[in-house]
Amino acid sequence: MGKGILTVEEEVKEIMGQLKNHMSLNRSMGLESPRLSPQARAYLDGGPSQPISLEDLREDIGDCRRCKLYQDRTTLVFGEGSSKARLVFVGEGPGREEDQVGRPFVGEAGRLLTKIIEAMGLSRESVYICNVVKCRPPKNRDPEGDEIESCLPFLKRQLNLIQPDVICALGRVAAQALLGKEFRITRERGKWQSFMDIPMMPTFHPAYLLRNPSAKREVWEDIQEIMRHLGMEVKRDG
Ligand code: URA
């Protein structure tokens, strides 16, 4: 489609896209980037008050090639659920099945996550489910630092648009991407944290539960804590 006359919003998007490319080129050449105003930095980092929807954001990501993960992916997995969700689950990145169908948590671990959500008395449609990186790391390896760095602005923008009351970080990789490398999931799961000023509960990843079913009890405790925070009725058994 020809560009024609752009709306102000389209023009801003285009300029910011050019700025982003310019900055990443600078970075790749070891050059310093221009100093940005707080507003421009907020726009690039997914800061406050961007008047766009999740659908616009998906469009912004486009056929993403911002990091090397695009080379092996089949489908970019943006995330799904309610744009008004009070609870957002954040996993690490799509696996094989997710990569095939373009939806998060649809494999075996995803089926377990769905059971957990339903045990809470919720549905997948009423929460929001997404990942730290939106493209499958080859052979399901952990996403690398530069891949997380490229993708994190989009997760921040998702959270900014949804404004949930609680984030549940699933597993070490997601928790460390949001809280820093020092975070220890075995020691610190179940303790309230904060990301972008949103209360965040880190718990074990459902894939870990498939390998260690005895950890389900701890995850259910963490989930009950989330339910209490959301003012939901807490059932005794999951
Ligand atoms: N594991 C994740 O972390 N995310 C998915 O979407 C699927 C499996």
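Parameters at a glance
Residues numbered from 1 in each chain as written. Predicted model: local features only at pLDDT ≥ 70, side-chain atom pairs only at ≥ 80, totals over all residues. Heavy atoms only, no water. Near = heavy atom within 4 Å. Polar contact = N/O pair within 3.5 Å; in protein donor to acceptor, adjacent residues only side chain to side chain. Areas by Shrake-Rupley, 256 points an atom, 1.4 Å probe, with all protein chains shown as cover. 1 Å grid on protein atoms, 1.4 Å probe; cavity = no way out; pocket = protein on both sides within 12 Å on 5 of 7 lines; lining within 4 Å. Sits in = over half its atoms within 2 Å of the grid points. Buried < 20%, exposed > 50% of the residue type's maximum accessible area, 1.4 Å probe, protein only. Helix = DSSP H or I, 4+ residues; strand = E, 2+ residues; numbered from the N terminus. Pairing = 2+ DSSP bridges. Salt bridge = Lys/Arg side-chain N within 4 Å of Asp/Glu carboxyl O.

Draft legend 1. Representation of the site of the ligand. G91, E92, G93, P94, E98, P104, F105, N131 and H205 make up every residue found near the ligand. Within the backbone of G93, an N or O atom sits 3.0 Å from a nitrogen atom of the ligand. Here an oxygen atom of the ligand and a side-chain polar atom of H205 are 2.8 Å apart. Relative to its free-state accessible area of 240 Å², the ligand is covered by the protein chains to the extent of 92%. Under a 2 Å grid-point criterion requiring more than half of the atoms, the pocket assigned to the ligand is the second largest pocket.

Draft legend 2. Just the pairing of strand β3 (residues 128–131), in detail. Here β3 shows no split at all, with Y128 and C130 on one side and I129 and N131 on the other all buried. Relative to β3, strand β1 (residues 80–81) is paired through two bridges, and the arrangement is antiparallel. If you follow E80 over to β3, its bridge partner there is I129.

Draft legend 3. Broad picture of the pattern of salt bridges. One pass over the structure, following the stated rule, counts 16 salt bridges. Measuring nitrogen to oxygen at the nearest pair gives 2.8 Å for the salt bridge that ties E80 to R103. In this pair, E80 sits in strand β1 while R103 sits in the loop between α4 (96–101) and α5 (108–119), placing the two residues 23 residues apart along the sequence. When its relative accessible area of 38% is taken as the criterion, R103 is described as partly exposed. Within the structure, one salt-bridge network assembled from shared partners comprises K68, R141, E144, D146 and E147.

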